[in-house]
Amino acid sequence: MILQIYRETVTPGRESDYDALERDTAQNAARLGCPNPYLAAESLEGPMVVWWFNACDTAAEQQRVAHSYMQNATLMAALERNSSRKAEFISNTSDVFAEYKPDASNGASWTPGDGRFLCIIETTSTVDARGAVFEAEDGTRFVVTACATRADAEKVRHPNRHLLRVKTAWSFPSPAWIGADREFWS
C-alpha cells in the first residue's frame, strides 16, 4: 500500500473558519463523486495540525485516481475554491508518499478508516513500537497505531509522537469504513 500523508498547520484563532471549509469540502466530495476515500485527523497536542491520508494499493491505482480527479471538473473547481480560501490561514504544508513495510510493522497493519484516534511516531530510525510502518523515499518512517480511545493512544510514548483525532466531518469515508464502525461515521 502507498499512503499519501498531507499535513497543514492552521493559524491559531482560525480553527472555526478551517472547520467550515473542510465540512463543505467533504460534502462536495460526497455530492460530486470523489474518486477515492480520504481520512482527516487533527492533532491533539500543540498547534492544530491537520493530517490527510489517501491510500492506494499500487502506483497504477494512484495514477488512475489522479486522472479521475482531473476528469471531474466540477469537483476540482470546488476543491480549488476551498483550497484557495484556506490558503490565508494555513502554513507548514507537507506532502509525503510512504510505502507500507509489513516486515517492519511488528505484525500490525493499518488502513485509513481504522481507529477513532491515531498515534503516529515519525522518525528516521528503527523504532520498537507496535504499529504499521510506512516509509517515505527519504527514509522517514511513520509508525501508525490505530486506537479506539484517546487514552489508548496516549499510552504510546515516544519523543516524536503525534496524537491525532479522526475528523469524520472532514473525511470522505469508504463504505467499508462506515460498515466497520457505523456509530462513529454516522
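Keep in mind that what you see is a predicted model, and the values were worked out from it rather than measured.

Novice: Looking at this model, I keep getting lost on the confidence of the model for the protein. Mind explaining?
Specialist: Low pLDDT marks regions whose predicted coordinates should not be analysed in detail. When pLDDT is averaged along the protein, the result is 92; 98% of the residues meet or exceed 70. The least confident element of the protein, judged by mean pLDDT, is helix α4 (residues 150-154) at 90; the most confident is strand β2 (residues 39-43) at 97.

Novice: Can you help me understand the pairing of strand β8 (residues 161-166) in this one?
Specialist: Along any regular strand the residues' side chains alternate between the sheet's two faces. The pairing of β2 with β8 spans three bridges and is antiparallel. Bridge pairing links Ser43 to Leu164 in β8. Of the strand pairs in this sheet, strand β5 (residues 117-123) and β8 are connected by five bridges, and their pairing is antiparallel. By the bridge assignment for β8, Ile121 is matched with Arg161.

Novice: Just checking my understanding: could you explain the layout of surface pockets for this structure?
Specialist: Empty space among the atoms becomes apparent when a probe as large as a water molecule is rolled across them. Of the pockets and cavities examined, the largest pocket occupies roughly 740 Å³. Lining the largest pocket are 25 residues, and of these Gln4, Tyr6, Asn54, Tyr69 and Leu79 sit closest to its centre. Contributing elements (two or more residues each) for the lining of the largest pocket: β1 (2-10), α1 (15-32), β3 (49-56), α2 (59-71), α3 (73-86) and β4 (90-100). Class assignment of the residues belonging to the lining of the largest pocket gives a composition of 14 nonpolar, seven polar and four charged. In terms of lining, the second largest pocket is formed by Met1, Asn36, Pro37, Ala55, Cys56, Asp57, Glu61, Thr111, Pro112, Ser174 and Trp177.

Novice: Just to check I follow, could you spell out the nonpolar core for this structure?
Specialist: Across soluble globular proteins, nonpolar side chains have a tendency to be buried as a group. Leu39, Trp51, Phe53, Trp110, Leu118, Ile120 and Phe134 are the most contacted members of the largest nonpolar core, which has 23 residues in total. If sequence neighbours within four positions are ignored, Phe53 has contacts with Leu3, Gln4, Ile5, Tyr38, Leu39, Ala41, Trp110, Pro112, Leu118, Ile120 and Leu164.

Criteria and cut-off values
Residues numbered from 1 in each chain as written. Predicted model: local features only at pLDDT ≥ 70, side-chain atom pairs only at ≥ 80, totals over all residues. Heavy atoms only, no water. pLDDT = per-residue confidence, 0-100. Helix = DSSP H or I, 4+ residues; strand = E, 2+ residues; numbered from the N terminus. Pairing = 2+ DSSP bridges. 1 Å grid on protein atoms, 1.4 Å probe; cavity = no way out; pocket = protein on both sides within 12 Å on 5 of 7 lines; lining within 4 Å. Points joined across faces, edges and corners; volume = space filled by probe spheres on them. Nonpolar A, V, L, I, M, F, W, Y, C, P; charged D, E, K, R; others polar. Core = buried A, V, L, I, M, F, W, Y, C linked by side-chain atoms within 4.5 Å. Buried < 20%, exposed > 50% of the residue type's maximum accessible area, 1.4 Å probe, protein only. Contact = heavy atoms within 4.5 Å.

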